[in-house]
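Analysis of the macromolecular model
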Number of protein chains: 2
Amino acid sequence: MCHTIPVTDTRDHTGEHLDHLVRRSWTPAGGQDAILPPHATRWLASRTGLTEQSTPAAPDSALVVGESALSDVAGKALESVVGAGNVLRGRDDRLGRTGGLSYLDLLRHRGTGELAVPDAVVVPADPEQVQRVVEVCAEHGVGLVPFGGGTSVVGGVQALRGSKESVVMLDLCRLDRLVSVDPVSRLAVLQAGVVAPEAERLLSAHGLTLGHVPQSFERATIGGFAATRSSGQASAGYGRFEDMVEGVRMATPRGEWRLGVSPASAAGPDLRQLVVGSEGVFGVITEVTVRVRPLPKARRYEGFVFDGWSRGAQVVRALAQRRVLADVTRLSDPHETEMAFALSGGWKTTLVRRYLRLRGMGDPCLLVLGWEGESEAEVVSRRKATLRVLRGRKPVTLGRPVGEKWRHGRFAGPRQRDALLDMGVCVETLETATYWSNVDTLRSAVRAALQDALARPGVTPIVACHISHAYETGGSLYFTTIVPRDPDDPIGQWEHAKAAACAAISSNGPLGTITHHHAVGVDHAPYLPAEIGRLGVDVLAAVKRELDPEGVLNPGKLLGEPR
Amino acid sequence: MCHTIPVTDTRDHTGEHLDHLVRRSWTPAGGQDAILPPHATRWLASRTGLTEQSTPAAPDSALVVGESALSDVAGKALESVVGAGNVLRGRDDRLGRTGGLSYLDLLRHRGTGELAVPDAVVVPADPEQVQRVVEVCAEHGVGLVPFGGGTSVVGGVQALRGSKESVVMLDLCRLDRLVSVDPVSRLAVLQAGVVAPEAERLLSAHGLTLGHVPQSFERATIGGFAATRSSGQASAGYGRFEDMVEGVRMATPRGEWRLGVSPASAAGPDLRQLVVGSEGVFGVITEVTVRVRPLPKARRYEGFVFDGWSRGAQVVRALAQRRVLADVTRLSDPHETEMAFALSGGWKTTLVRRYLRLRGMGDPCLLVLGWEGESEAEVVSRRKATLRVLRGRKPVTLGRPVGEKWRHGRFAGPRQRDALLDMGVCVETLETATYWSNVDTLRSAVRAALQDALARPGVTPIVACHISHAYETGGSLYFTTIVPRDPDDPIGQWEHAKAAACAAISSNGPLGTITHHHAVGVDHAPYLPAEIGRLGVDVLAAVKRELDPEGVLNPGKLLGEPR
């Protein structure tokens, strides 16, 4: 890149990064009441059968952490690469990088079930150190799990040992630099450990944005987005993360691998798309070259309501197929619409619900649309094109307050979940995607599977669903499940439900993908052969053997058991 | 797909398909004069130093074709799958599937250089027969080259034997069915051998279009598009072919492999993108599920001229980055603009040139823009958004006649090339792509390499260039070279020039991709490591070993020598 501007590193790495992930819950900004107001709790009790029950987070001190199994010789070799102070064997350091943020991960951190604690945490300073750490691990047969924001909800950062005697977490938090920008080509090189808000802060100094805003935004990293094929809430406008990846730099036991010389190519298969989604089993992504855009100067978010899921889904399909999607396009089914109004704030919500009932909305489905652009005129013109399709399909317009309310609360989900966990609720999400002609069938199948699996006397599970990613040929389905926790078998309760949902998705074709943007990790590995075939799994295993012949990289993820 | 409509096969396969590819030249529609009028010939002579010289196509009978080396036992095994009448060993049948349509391929068919003639042509009826043919070839160690339209310009269908004693062409012409359509999801399943115009005819019966129009449109097939990551002239609107591929069915020696259950997924790497571009070395693509669109009901093509390459390229970049590209967006540099006007028809062209000179255009660069849409209103609105960016950048508007002239002549290139070959001209194209900040550097480097390599006393090569595929981060560069043939070493003349151009592209970074849409084949294989790294080539080889352990599939392509 001729016009590339290298960005000088002015940050001071003096250890303050080392404990930023030890806390497992998402700190509430304004106390728990702000997250779950009393009326929300009342609604939950009446809707699901939740009784008074309290299971707050256990103190970390109550958790059982075994001795580190990292051998002295491997430890010394790692210290020789990153320095003694960056190979952490302390209880809290290891516990802080134990597991991700799935419901079961959180339960385990509350003392239910067993934690897979790594033997040490290694904190390299730069891509060169990552490369050497990878080589040391291959040489000494030490399992290595790349750790970015630790936000995996599918077991992607579990400290599994596979066939190895020890496993270390490779915490990428010191790879936090914007390396260069090329404003002409609209490219930026970001190190893998840059957390999304920091990426936006660094890019905004150049008038640029990435525009990638998944719900994990506040914690997730650039490397994690690439490793898992992340998709943000504004994917309709900015694309999925894989659409933004123009180049990658990856540390593998066979050496460093760099890809990306042009926006498109016919020089064989697109190997960038083999690295994106590889979940750390082929190598550790250390840098990503991303396509960036100018910071939006105008934005407009609005709420609309349609009567009935099918009508709403047809509208989203029409917007996608006419290629006039808003940047954010998000349709909730009646259950999610009810839940959204019930869990969010107060009298205004009540007014909206009354208003909708007055307008004869039997099954109101909320559609949030958000446009962002380089000028007010662009937003106005794109909004006009979108609304032209809505016309004639009888939407009720709720206007900007509802749209803005959604935008401001867009990252609140994880915090709300912590509060629900405290109250004894089993709350988890799962997602899939399929072609349009299949969307209704798939939604019904997953709903039925979850409801059947979670029903028990006196308890009614809530299974809510939305489409938040729409394509010309299909859309995603994102399910949120809320049900009182089964005190006798809290882990089994969700495992059973998740297995039922995965079976529904993976059967008959399969009906859809086992994951639209949560990745495979440990949880979805058993369902991968149904989706990509036995040959597909064999191909991935062949690539892994080529790049990681010792099998040290992220054991047990993506491909399941070591092969 | 629930709403999938199976399409009944009503075609009669009685052998008429078997000779449709025996001719190597593209039949002129209205005689040679219509292709190269006298004023064009005069311009060529004055511009390049071309003298009177005539080298018409040699009669096929003059070409040397050796005996078939296919063993009786392998031949019998193949006949047992496809029937005796569909294993062709005749001279003309084999010659008709010898090589592709590069300049050197055409020269070889004119008696210059050596032809790599296959030992037989196998013509299976359906995907099941393809699967069994692949297995028979693996069992008997017979090389197998998938053959669609035979339009490769990079040696992708050369009948190389690799380490095998014989090689057969797998002619996919009988896999010519539209298998099903899903109008709700806008998907269609097409067999690999469907030729592009036939695909459009079959889809148009359902009111649908694929919209993929590369210059090879008249002959190229669906399977070939997928195997080579093809990109059509309307890629800005319809996407590259890999963007249209939702699913694939591939016959491999390890069994059949099917991919594609949803428009997007995070279930590991996107293996569809590993199959797309695999050039027949991993398996034979037998069916492709493609995204389709409604037939356009309105279209508008227009010509504009900008003064100077840089200004023109900046306009194209601005259109791409503001995401208001016309479906066809094609900018010619001053050399190609001059050539376009000189080679096309008569007095109107002269008038245009005079007009441009009057308007003070020192270095006129032609920009053709074409919009297609579901309604006149859509075209009007999208055109408005495009033209808003042109404003203030001083275009001269040539209006619809120039746009329509381009549209009608869009597939004429190959025919014009045949006529030029007859006249003793060395004419060939090559292409690359890079990021915007690098486009000018790359164009200059390739121009200089070609000019230096082709210059000789009394002769001035024409090196013309256009951008026809634009992305937010970069664009393609397509070069056309015209120079009087070197009578002493016609093959060496182009090999030398091509090597110089490839070296210019592959050096310093590399500067760009070795191929934006022509694929790797034999010709680009030496330059692949510079682009995807030694590890990238090792990964592809590992995948090949997994799927094709005997190494029978398309020997010598993509990866070069068998590995």
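Structure: see above.
So, a few notes on the structure that sits alongside this text.

Cut-offs applied
- Residues numbered from 1 in each chain as written.
- Chains lettered and ligands numbered in written order.
- Predicted model: local features only at pLDDT ≥ 70, side-chain atom pairs only at ≥ 80, totals over all residues.
- Heavy atoms only, no water.
- Core = buried A, V, L, I, M, F, W, Y, C linked by side-chain atoms within 4.5 Å.
- Buried < 20%, exposed > 50% of the residue type's maximum accessible area, 1.4 Å probe, protein only.
- Contact = heavy atoms within 4.5 Å.
- Buried area = accessible area lost by both parts, 1.4 Å probe.
- Salt bridge = Lys/Arg side-chain N within 4 Å of Asp/Glu carboxyl O.
- Least-squares fit on C-alpha atoms with pLDDT ≥ 70 in both.
- Phe/Tyr/Trp six-rings, centres within 6.5 Å; stacked < 30°, edge-to-face > 60°.
- Helix = DSSP H or I, 4+ residues; strand = E, 2+ residues; numbered from the N terminus.
- Pairing = 2+ DSSP bridges.
- Polar contact = N/O pair within 3.5 Å; in protein donor to acceptor, adjacent residues only side chain to side chain.
- Patch = residues over 30% accessible without salt bridge, like charges linked within 9 Å, V, L, I, M, F, W, Y side chains within 5 Å.
- Areas by Shrake-Rupley, 256 points an atom, 1.4 Å probe, with all protein chains shown as cover.
- Lys, Arg positive; Asp, Glu negative; His and termini not counted.
- Charge placed at Lys NZ, Arg CZ, Asp CG, Glu CD.
- 1 Å grid on protein atoms, 1.4 Å probe; cavity = no way out; pocket = protein on both sides within 12 Å on 5 of 7 lines; lining within 4 Å.
- Points joined across faces, edges and corners; volume = space filled by probe spheres on them.
- Nonpolar A, V, L, I, M, F, W, Y, C, P; charged D, E, K, R; others polar.
- Axes fitted to C-alpha atoms, helices over the stretch in contact; angles between N-to-C directions.
- Expected span 1.5 Å × (residues − 1).
- Parallel < 35°, antiparallel > 145°, perpendicular 65-115°, else oblique.
- Left-handed = near helix turned anticlockwise from the far one by under 90°.

If you look at the biggest cluster of nonpolar residues, it comprises 275 residues, and the most contacted ones within it are A:Phe241 and B:Phe241. Of all hydrophobic cores here, the second largest spans 26 residues; its members include B:Val130, B:Ala138, B:Leu172 and B:Val552.

This part is about the interface of chain A and chain B. Chain A puts 84 residues into the contact, and the matching count from chain B is 84 residues. For the chain A and chain B pair, buried surface summed over both sides reaches about 6400 Å², with 60% attributable to carbon and sulfur atoms. Three residues, A:Val261, A:Tyr435 and A:Leu535, lead the burial of chain A against chain B; their summed loss comes to 12% of the area buried on that side. There are eight salt bridges connecting chain A and chain B. The residue B:Glu472 makes a salt bridge to A:Arg293 at a minimum N-O spacing of 2.7 Å.

A few words on the relation of the copies chain A and chain B. Each copy superposes on the other: chain A lies on chain B with an RMSD of 0.0 Å after a rotation of 180° and an axial shift of 0.0 Å. Taken together, the rotation and translation describe the operation of a two-fold axis. Of the residues that chain A buries at the interface, 100% are likewise interface residues in chain B, meaning the two copies contact each other through the same surface.

Our next topic: the packing of aromatic side chains. Residue and element names in this part refer to chain A. One pass over the structure, following the stated rule, counts six aromatic pairs over all chains. With 5.3 Å between their ring centres and 50° between their planes, Phe-225 and Phe-241 make a pair best called tilted. Of the two residues, Phe-225 sits in helix H8 (residues 222-228) while Phe-241 sits in helix H10 (residues 241-244), which places them 16 residues apart along the sequence. Exposure class is identical for Phe-225 and Phe-241. Each is buried.

Moving on: the sheet that holds strand S9 (residues 245-252) of chain B. Residue and element names in this part refer to chain B. Read from one edge to the other, the open sheet built from six strands follows the order S1-S6-S7-S11-S9-S10, with strand pairing classed as antiparallel. Sheet topology places strand S1 (5-6) and strand S10 (255-259) at the edges, where each strand pairs with a single neighbour. Sheet topology note: the S1/strand S6 (residues 178-182) ladder contains two bridges and is antiparallel. Within the sheet, the bridge partner assigned to Pro-6 lies in S6 and is Ser-180.

Time to look at the environment of A:Ile35. Residue and element names in this part refer to chain A. On the secondary structure map, Ile-35 appears in helix H1 (residues 31-35). Judged by relative accessible area, which is 13%, Ile-35 ranks as buried. Distance from Ile-35 to Ala-412, taken between C-alpha atoms, is 8.0 Å for residues 377 residues apart in sequence.

Summed over all chains, the structure comprises 64 salt bridges over all chains. Between A:Arg108 and A:Asp105 there is a salt bridge; the shortest N-O distance is 3.1 Å. With A:Arg108 and A:Asp105 both in helix H5 (residues 103-109) and three residues apart, the pair spans about one turn of that helix. Residues B:Arg534 and B:Asp538 are paired through a salt bridge, measuring 3.7 Å at the closest nitrogen-oxygen approach. Taken together, the positions of B:Arg534 and B:Asp538, both in helix H20 (residues 528-547) and four residues apart, correspond to about one turn of that helix.

Take the side chain of A:Arg417 next. Residues and elements named next belong to chain A. Looking at where Arg-417 falls in the secondary structure, it is placed in helix H17 (residues 413-422). The class for Arg-417 is buried, based on a relative accessible area of 11%. Looking at Arg-417, its side chain comes within polar contact range of the side chain of Glu-428, at 3.5 Å. In contact with Arg-417, other than residues within four places in its own chain, are Leu-101, Ser-102, Tyr-103, Leu-106, Val-427 and Glu-428.

This part is about helix H3 (residues 72-82) of chain A. Residues and elements named next belong to chain A. Regarding H3, the residues found buried are Ala-74, Gly-75, Ala-77, Leu-78, Glu-79, Val-81 and Val-82. If you follow the buried residues of H3, they end up packed against strand S2 (87-88), strand S3 (120-122), helix H6 (127-140) and strand S5 (167-171). Once H3 ends, the next one or two residues include Gly-83, with phi positive near 95°.

Another point: a positive patch on the surface. Taken together, A:Lys384, A:Arg388, A:Arg391, B:Lys384, B:Arg388 and B:Arg391 make up a surface patch of like positive charges. Inspection of the secondary structure assignment puts A:Arg388 in helix H15 (residues 376-390).

Another point: the pairing of strand S11 (residues 284-291) of chain B. Residues and elements named next belong to chain B. Burial within S11 is extensive, with eight of its eight residues counted as buried. Inspection of the sheet shows strand S7 (residues 187-191) paired to S11 by five bridges, in the antiparallel sense. Each bridged residue has a counterpart across the sheet, and for Gln-191 the counterpart in S11 is Glu-287.

Enumeration according to the criterion identifies eight cavities of 30 Å³ or more in this entry. Computed from the structure, the largest cavity encloses a volume of approximately 170 Å³. Of the residues assigned to the lining of the largest cavity, the class counts are six nonpolar, four polar and four charged.

Right, let's get into the sheet that holds strand S15 (residues 364-373) of chain B. All names here are of chain B. The strand order across the open sheet formed by seven strands is S16-S13-S15-S14-S18-S19-S17, and the pairing between neighbours is antiparallel. Each edge of the open sheet is held by one strand with a lone partner, namely strand S16 (396-398) and strand S17 (425-435). Across the sheet, the mean angle from the axis of one strand to that of its neighbour is 20°, orientation sign disregarded. Strand direction decides the pairing type here: strand S14 (residues 328-332) and S15, joined by four bridges, are antiparallel. Counted as the bridge partner of Leu-331 is Leu-367 from S15. Against the sheet, helix H13 (residues 334-343) touches S14, S15, S16, strand S18 (462-467) and strand S19 (474-484), its axis set at about 105° to S18. The strands touched by helix H19 (residues 490-506) within the sheet are S17 and S19, with S17 carrying the most contacts at an inclination of about 10°.

Residues and elements named next belong to chain A. Taking 1.5 Å per residue, 13 residues should reach 18 Å; helix H12 (residues 309-321) reaches 18 Å between its end C-alpha atoms and fits that length. Turning to H12, its buried residues are Trp-309, Gly-312, Ala-313, Val-315, Val-316, Ala-318, Leu-319, Ala-320 and Gln-321. Remark: Arg-323 follows H12 within two positions and exhibits a positive phi of approximately 60°.

Residue and element names in this part refer to chain B. Inspection of the secondary structure puts Pro-197 in helix H7 (residues 196-204). Each C-alpha atom of the pair Pro-197 and Thr-221 lies 9.0 Å from the other, and the pair is 24 residues apart in sequence. Contact partners of Pro-197, with chain neighbours within four places excluded, come to Phe-217 and Glu-218.

What follows concerns the pairing of S7(B). Moving residue by residue along a regular strand, the side chains alternate between the two faces of the sheet. Residue and element names in this part refer to chain B. The element S7 is largely enclosed, with a buried count of five among its five residues. Bridge count for S6 against S7 is four bridges, and the pairing is antiparallel. Residue pairing across strands places Ser-180 opposite Val-189, the latter belonging to S7.

With that settled, consider the packing of helix H18 (residues 439-454) of chain B against H19(B). Residue and element names in this part refer to chain B. Following both chains from N to C, one finds H18 and H19 inclined at 155°, their axes separated by 8 Å at the closest point. Overall, the two elements H18 and H19 adopt an arrangement that is roughly antiparallel. Like other packed secondary-structure pairs, H18 and H19 cross with a definite hand, here right-handed. Touching Leu-442, Ala-445, Val-446, Ala-449, Leu-450, Ala-453 and Leu-454 of H18 are Gln-493, Trp-494, His-496, Ala-497, Ala-500, Ala-501, Ala-504 and Ile-505, all from H19. Considering only residue class, the contact of H18 with H19 consists of 13 nonpolar, two polar and no charged.

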